[in-house]
Amino acid sequence: MQTHNSIHDFFSAKKTIITIGTFDGVHLGHQKILSQLVEEAKALQYESLVLTFFPHPRMVLGKENSIKLINTIAEKKQLLESIGINHLIIHEFDTKFANLSAKEFVEKILVGKLNVGKIIIGYDHKFGKGRTADINDLIEFGKQFGFEVEQISAEEIGDIAVSSTKIRKALLEGNIELVNQFLGYTFEFTGKVIEGKKIGRTIQFPTANILIEENYKLLPKNGVYIVSCKINDTLFYGMMNIGNNPTIGDNEQSIEVHFFELNQDIYNHNLQISILKHIREEQKFNTIDELKTQLEQDKVFSENYITNLL
């Protein structure tokens, strides 16, 4: 997959089949559109192209400039590449771009820059200044400028339409099973192992402290979770605490993972961690011994859960 950092960096002599959107999460609904894009590109002998934006339009246009996202740019690239997309354009979304009329967007961008032959679009797609144009307008532009338009219906799971908004809500509620069901893969994050206070090792629960550099990455609510991670080509399971360590008296949020059966130095490693299940809320204990007792119970629960997975 070729990645382009602007619409203006892209050129294709071949016609393109395009889909457009933020694709935050690259969830089951997105995958339905993207898989069809890849299949039809092969059949038509077009180049498959995903046009997405960063920052998220809601960061620029709305009051939600602090919106957190399910995927980082790197994670989104990895997911799109795995589906088989030929080209990914990550275009900077700003007020100038947002003020393009629907016709300007179609004529100058889709036709003039991207050589569009066909567009596959989601059932609720809106575009142009003020998001006033919809699928019917796009069909009319297609007739005018000579490209096809195909609409994809909502992916349904248990009669509930999948959406990035619903996945973000489930993450904030700690409902990892629902998150993973809607995504169609296990929710992950990537971070660097940094030095911590080393309190965990004093109670036989050494932890890897994880720093996530992308501050827009959404994480589940504070609590204890079962996780997995491939380290040096070996899969390890463990349990993770996201929170403020109230028993220790910390104030800043931290991410700490205790890996089972890991006996190697992983400082400064970048780890891609998968979150499998929420165990419990973060708690404040009266003593370190009470905390240790609870961690031992969490470990037994986690190991039983993992045994049932395997």
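Structure: above.
Residues numbered from 1 in each chain as written. Predicted model: local features only at pLDDT ≥ 70, side-chain atom pairs only at ≥ 80, totals over all residues. Heavy atoms only, no water.

**What about the side chain of His125?**
Here is step 1: Summarising the element assignment, His125 is placed in the loop between β5 (116-122) and α6 (135-145).
Here is step 2: The residues touching His125, leaving out its near neighbours within four places in the chain, are Ile20, Ala133, Asp134 and Ile135. (Helix = DSSP H or I, 4+ residues; strand = E, 2+ residues; numbered from the N terminus. Contact = heavy atoms within 4.5 Å.)

**Some thoughts on the sheet that holds strand β4 (residues 87-92)**
Here is step 1: Ordered in space as β1-β4-β3-β2-β5-β6, the 6 strands form an open sheet in which the pairing is parallel. This sheet does not close on itself; its edge strands, each paired only once, are β1 (2-4) and β6 (148-152). Strand-to-strand, the axes of this sheet are offset by a mean angle of 20°, without reference to chain direction.
Here is step 2: Relative to strand β3 (residues 47-54), strand β2 (residues 16-20) is paired through 5 bridges, and the arrangement is parallel. The partner of Thr19 across the bridge, within β3, is Val50.
Here is step 3: Those strands touched by α6 are β5 and β6, and its axis lies near 160° from that of β6. (Pairing = 2+ DSSP bridges. Axes fitted to C-alpha atoms, helices over the stretch in contact; angles between N-to-C directions.)

**Things to note about the packing of helix α7 (residues 164-172) against helix α8 (residues 176-183)**
Here is step 1: Closest axis-to-axis distance for the α7/α8 pair is 8 Å, and the angle between their directions is 155°. When the axes of α7 and α8 are compared, the pair comes out roughly antiparallel. Classified by chirality, the crossing of α8 by α7 is left-handed. Counted together, Lys166, Ile167, Ala170 and Leu171 of α7 and Ile176, Leu178, Val179, Phe182 and Leu183 of α8 form the full contact between these two elements. (Parallel < 35°, antiparallel > 145°, perpendicular 65-115°, else oblique. Left-handed = near helix turned anticlockwise from the far one by under 90°.)

**Quick notes on the nonpolar core**
Here is step 1: Membership of the largest hydrophobic core comes to 32 residues, with the highest contact counts inside it found for Phe189, Ile210, Met240, Phe259 and Leu271.
Here is step 2: Looking at this core, the elements with two or more residues in it are α7, α8, β9 (188-194), β10 (208-211), β11 (223-231), β12 (234-243), β13 (254-259) and β14 (270-280).
Here is step 3: Leaving out residues up to four positions away in the same chain, Met240 has contacts with Phe189, Gly223, Val224, Tyr225, Val227, Ile255, Glu256, Val257 and Ile275.
Here is step 4: Counting 27 residues, the second largest nonpolar core, distinct from the first, contains Leu110, Val116, Leu138 and Phe141. (Core = buried A, V, L, I, M, F, W, Y, C linked by side-chain atoms within 4.5 Å. Buried < 20%, exposed > 50% of the residue type's maximum accessible area, 1.4 Å probe, protein only.)

**Points about helix α9 (residues 288-309)**
Here is step 1: The end-to-end C-alpha separation of α9 is 31 Å, in line with the 32 Å expected for 22 residues at 1.5 Å each.
Here is step 2: Of the residues making up α9, those classed as buried are Leu291, Gln294, Leu295, Asp298, Ser302 and Ile306. For α9, the angular spread of buried residues about the axis comes to 110°, placing them on one side. Seen from the open side of α9, the exposed residues pointing more than 90 degrees away from its buried face are Asp289, Thr307 and Asn308.
Here is step 3: Structurally, α9 contributes buried residues whose contacts are with β11, β12 and β14. (Expected span 1.5 Å × (residues − 1). Arc of directions from axis to C-beta.)

**With respect to the pattern of salt bridges**
Here is step 1: Inspection of the entire model under this criterion finds 11 salt bridges.
Here is step 2: With a shortest N-O distance of 2.8 Å, Lys217 and Glu75 are connected by a salt bridge. Residue Lys217 is located in the loop between β10 and β11, and its partner Glu75 is located in helix α3 (residues 73-83); the two are separated by 142 residues in the primary sequence. With respect to burial, Lys217 and Glu75 carry one shared label: buried.
Here is step 3: Two residues, Lys108 and Glu104, come together in a salt bridge whose shortest N-O distance is 3.9 Å. A residue pair is termed a helical-turn pair when its members lie 3 or 4 positions apart in one helix, as Lys108 and Glu104 do in helix α5 (residues 102-111) at 4 residues.
Here is step 4: Taking the relative accessible area as the measure of exposure, Lys108 reaches 49% and is therefore partly exposed.
Here is step 5: Taking relative accessible area as the criterion, Glu104 reaches 30% and is therefore assigned partly exposed.
Here is step 6: Because the salt bridges share partners, they merge into one network encompassing Glu40, Lys118 and Glu150. (Salt bridge = Lys/Arg side-chain N within 4 Å of Asp/Glu carboxyl O.)

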